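Descriptive structure summary
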Amino acid sequence: MTAASDVEVRVKYHGRVVAVSMPLSATVDDLQNEIMVRTGVEPSSQKLMGISVRGYPDDRPLGTVLRGRAKGPLNIMLMGLAPDEMALTIAKEEQWKEDTADVRAAIAAHETEENQRRAQELERENRLREQAQRERERQQAEQLRRAQAWNYDRSGLWSSQSFSLRTSGGPHPPGVYPHNMPPMAAESDPNAALTITLQVFSAAMNPKHEESPMNLELADKFILPPSVLDSIVSRRIAMPIVFRVESPSPNSAAKTSLFTHGSALEFTSPEGIAYLPFWMMNKLLIQEGDSAIFSTVTLPRGSSVVLQPLSAEWVRLGSPKAILEEHLSRFQSLSTGDVIHIPYQGHTLPLNVVSVSSETTEEIPAVIIAETDLTINLLPPVSVDSLPKHTTLENAVPVDDRLDPDKYAYFTFVVDFPTALKISVEPITDTPEFALGDPDLYLSHSCEYPSLTCFTWEAQEQGATAIILDTSDKNYTQGRYFLGVHAYKHPLHFKLILQPCEGSLLGTASSVVGTDSVTCSNCLQQISSASSSMHELHCRRRNTRCSKCGKVMLINQRDKHEDISHTLLKCHCGALFEQKVLMIHMQTECPQRLVPCSYCELQCPAATLGDHQNACGSKTTNCPICDFPLARKELQNHMIQAHTH
């Protein structure tokens, strides 16, 4: 029981009630100290709910503080923590702060890493774009150079050209002898000769043809037995050793034997057998196992050669001079009527030797071309008409044409001064045969035959479509342009027209949208907020957006877009890519893409460029200023050191 002068205080603290009896003369400070004894909560941490002590000094008696209050126990609630609980709470709070800081640091690190990754991706995309742009510029310059060199005219035909080149010593440079051939005696007999009849087989019949240091079909070399080498050494036949190879039976029409010339690559064939390139056997009209006569001869050094390509692919070559200079070095000699084969870009291109001449005699049967300055007269290919022709597009003059399914029609036009142009094509479906006709357009200024995998501009929408060339497009410059019209899956009857456009046509659709515009969730176009609901209602009925590339199109064009843009296409190197990724890959990453050599005009596959440049840079050339002979790879340093003042 408490005295009449005492007050009973019931303190509720963390679910339990602590009873404290205090005299009315006790101060608030005394009450807080007593509560500290009972609960462990220090006065500085106490907050008493149910008693108003704010504004009163701590030394005022409780009777004064509680004056006017009804009699009975005083129920209050204590808010506060004991020191150990306070320490635990502070520790938890500090731990929470540390954890929060760690999480924030992890989020910041992730954001930094993500930003770096995005920056790297953006840098890579920009680098690929720059490489693609440089490649387009290189192709455009190459196209201009090619057009000037070959004299491209509107009819699509190509004229002949003439140039000089220097052939190297082929597979046997000076001082180096064929495989297993010892050095010759210092003194040779200029009158010595050797004639022998051997059974001949094509190079493919040689059991060791895969071990051969070179492909016999791409040179004038053959493999002879060791006894021939012994006879050459014993008779001291003069170098270079060139054989005349002829069939023993004369040509029934001309009453003369067919012949060609070449040199030995090796002396490793079985006795009595020789392995010849198949093109030699074709010229001699002999079969596997027939006999041929081999005779050593002395030929004059050649000065000029007239060649004629037998394949229309020659008109697409960027630099015939560099190609011939590279591959004629495999030949020791050339004979009139030879049909040699030049490898290039995965193709083997046949080339007919029309005539050969020396410095003293014109049109002789054969000449030596190794280590020789030759003048090459290259005639137009005999089958140039087999190439697709380019029809010239005239301004505002429509063209009507027909195509079989998946075929192309090619056109060309020249832009002297870039102005806005529109190239539109419309299918003509007035007959059942062409009712499903669907044209696609592919345009390029570097590729003569634009197609699904080679273009700069395209229009692949279903039905009538168009390409707009705008003056704000950095790829649109003056020069010659090539256009391909493709018949997608069905026979096509179409009308094509090239016509000018007024002003700039890019971006005009968004120019009418005001500041209160919103973005359509379907087509992502900026539209007026007042008409957004009606627009989206109609937009979702008509348009769809590709989930892979985000392109917006009519719903009926979705299947065609998926077929053209997202079907995996195979590159020359075997890799599979979608259409536009394939184009970037072919221009910047493909190991089979053509890259120009640093020392000659030849374009080589990127995978073999290093080997080619190592060999090409070691070839001898003369300084154009002082005529000093030196390796090609040393010419630049020589020009800087010797001729820069």
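Rules used in this analysis
Residues numbered from 1 in each chain as written. Predicted model: local features only at pLDDT ≥ 70, side-chain atom pairs only at ≥ 80, totals over all residues. Heavy atoms only, no water. Pairing = 2+ DSSP bridges. Helix = DSSP H or I, 4+ residues; strand = E, 2+ residues; numbered from the N terminus. Axes fitted to C-alpha atoms, helices over the stretch in contact; angles between N-to-C directions. Contact = heavy atoms within 4.5 Å. Core = buried A, V, L, I, M, F, W, Y, C linked by side-chain atoms within 4.5 Å. Buried < 20%, exposed > 50% of the residue type's maximum accessible area, 1.4 Å probe, protein only. Patch = residues over 30% accessible without salt bridge, like charges linked within 9 Å, V, L, I, M, F, W, Y side chains within 5 Å. Areas by Shrake-Rupley, 256 points an atom, 1.4 Å probe, with all protein chains shown as cover. Salt bridge = Lys/Arg side-chain N within 4 Å of Asp/Glu carboxyl O. Phe/Tyr/Trp six-rings, centres within 6.5 Å; stacked < 30°, edge-to-face > 60°. Disulfide = S-S within 2.5 Å. pLDDT = per-residue confidence, 0-100. Lys, Arg positive; Asp, Glu negative; His and termini not counted. Charge placed at Lys NZ, Arg CZ, Asp CG, Glu CD. Polar contact = N/O pair within 3.5 Å; in protein donor to acceptor, adjacent residues only side chain to side chain.

On to the sheet that holds strand E1 (residues 6-13). Ordered by their spatial adjacency, four strands build an open sheet running E2-E1-E4-E3, and the pairing between neighbours is mixed. Among the strands making up the open sheet, the edge pair consists of strand E2 (16-23) and strand E3 (47-49). Strand-to-strand twist in this sheet, taken as the mean axis angle between neighbours without regard to direction, amounts to 35 degrees. Note that E1 and strand E4 (residues 74-79) share four bridges and pair parallel. The residue of E4 that forms the bridge with Val-11 is Ile-76. Packed onto the sheet, helix H1 (residues 28-39) meets E1, E2, E3 and E4 and runs at close to 145 degrees relative to E2.

Moving on to the nonpolar core. For soluble globular proteins, the rule of thumb is that nonpolar side chains tend to be buried together. Of all hydrophobic cores here, the largest spans 53 residues; its most connected members are Leu-224, Phe-243, Leu-276, Phe-294 and Leu-324. The contacts of Phe-294, once residues within four sequence positions are left out, are Leu-194, Thr-195, Ile-196, Leu-198, Val-200, Phe-222, Leu-224, Phe-243, Arg-244, Val-245, Ala-274 and Leu-276. Of all hydrophobic cores here, the second largest spans 25 residues; its members include Val-399, Phe-411, Leu-443 and Tyr-481.

Glancing now at a nonpolar patch on the surface. On the surface, Met-49, Met-77 and Met-79 cluster together into a nonpolar patch covering about 270 Å² of accessible area. With respect to the helices, strands and loops of the structure, Met-79 is situated in strand E4.

On to the sheet that holds strand E18 (residues 390-392). The sheet built from five strands is open, its strands ordered E18-E20-E25-E22-E23 with mixed pairing. Among the strands making up the open sheet, the edge pair consists of E18 and strand E23 (457-459). This sheet shows a mean twist of 25 degrees between the axes of neighbouring strands, independent of strand direction. By the bridge criterion, three bridges tie strand E22 (residues 439-444) to E23 in an arrangement that is antiparallel. Bridging across to E23, Leu-441 finds its partner in Ala-459.

So, on to the packing of aromatic side chains. In the structure shown here, the tally under the stated rule is eleven aromatic pairs. Centre to centre, the rings of Phe-222 and Phe-243 are 6.0 Å apart; their planes meet at 70 degrees, and the pair counts as edge-to-face. Of the two residues, Phe-222 is situated in strand E7 (residues 221-223) and Phe-243 in strand E8 (residues 242-246); the sequence distance between them amounts to 21 residues. We classify Phe-222 as buried; its relative accessible area is 0%. Assessed through its relative accessible area of 1%, Phe-243 is described here as buried. Judged by centre distance (6.4 Å) and plane angle (85 degrees), the rings of Phe-411 and Phe-494 are edge-to-face. With a gap of 83 residues between them, Phe-411 in strand E20 (residues 408-415) and Phe-494 in strand E26 (residues 492-500) connect regions that are remote in the sequence.

With that settled, consider the environment of Val-581. Turning to its location among the elements, Val-581 is positioned in helix H9 (residues 579-588). Along the chain, Val-581 and Thr-453 lie 128 residues apart, while their C-alpha atoms are 9.7 Å from each other.

Another aspect to go through is the pattern of salt bridges. Applying the stated criterion to the full structure yields 17 salt bridges. Between Lys-97 and Glu-93 there is a salt bridge, with the nearest N and O atoms lying 3.9 Å from each other. Here Lys-97 pairs with Glu-93, and both are found in helix H3 (residues 83-150), just four residues apart, close to one helical turn. Residue class for Glu-93 comes out partly exposed when judged on its relative accessible area of 41%. Across the salt bridge formed by Arg-244 and Glu-246, the nearest N and O atoms sit 3.6 Å from each other. Glu-246 gets classed as buried once you look at its relative accessible area, which sits at 16%. Taken together, the shared-partner salt bridges connect Glu-114, Arg-117, Arg-118 and Glu-121 into one network.

The residue Arg-236 is not glycine, and still its phi comes out positive at about 55 degrees. For Arg-236, the position within the fold is in the loop between helix H4 (226-235) and E8. In this structure Arg-236 comes out as partly exposed when scored by relative accessible area, which is 37%.

On to the state of the cysteines, then. Applying the stated criterion to the full structure yields zero disulfides. As a non-bridged cysteine, Cys-590 has Cys-571 as the owner of its nearest cysteine sulfur, 3.5 Å distant. In this structure Cys-590 comes out as buried when scored by relative accessible area, which is 2%. For the unlinked cysteine Cys-623, the closest cysteine sulfur is that of Cys-626, found at 3.6 Å.

We now examine the pairing of strand E10 (residues 273-276). The alternating pattern of E10 places Ile-273 and Tyr-275 on one face and Ala-274 and Leu-276 on the opposite face, and all of these are buried. In terms of strand pairing, strand E6 (residues 195-202) meets E10 through four bridges, oriented parallel. By the bridge assignment, Gln-199 is partnered in E10 with Ile-273.

Attention now goes to the confidence of the model for the chain. On average, the chain scores 78 in pLDDT, and the residues at 70 or more come to 81%. pLDDT under 50 marks residues 147-158. Its contacts with residues more than four places away, or in other chains, come to 29 contacts. A low-confidence stretch, residues 504-512 (pLDDT under 50), is modelled with six contacts involving residues beyond four sequence positions or located in other chains.

Residues Glu-94, Glu-98, Asp-99 and Asp-102 make up a contiguous surface patch of negative charge. If you trace the backbone, Asp-99 turns up in helix H3.

As a further point, take the environment of Phe-628. Tracing the backbone shows Phe-628 in the loop between strand E35 (620-622) and strand E36 (629-631). The spatial distance from the C-alpha of Phe-628 to the C-alpha of His-638 is 9.5 Å, given a sequence separation of ten residues. Setting aside its immediate chain neighbours within four residues, Phe-628 contacts Thr-621, Asn-622, Cys-623 and His-638.

In the case of a regular strand, side chains alternate between the two sheet surfaces. In terms of burial, strand E25 (residues 479-487) is a largely internal element, seven of the nine residues being buried. Sheet topology note: the E20/E25 ladder contains eight bridges and is antiparallel. Counted as the bridge partner of Val-415 is Gly-479 from E25. In the sheet, E22 pairs with E25 via six bridges, with the strands oriented antiparallel. In the strand pairing of E25, Leu-443 is matched with Leu-483.

We now examine the side chain of Thr-372. Along the polypeptide, Thr-372 turns up in the loop between strand E16 (366-368) and strand E17 (373-378). At 3.2 Å, the side chain of Thr-372 forms a polar contact with the side chain of Arg-301.

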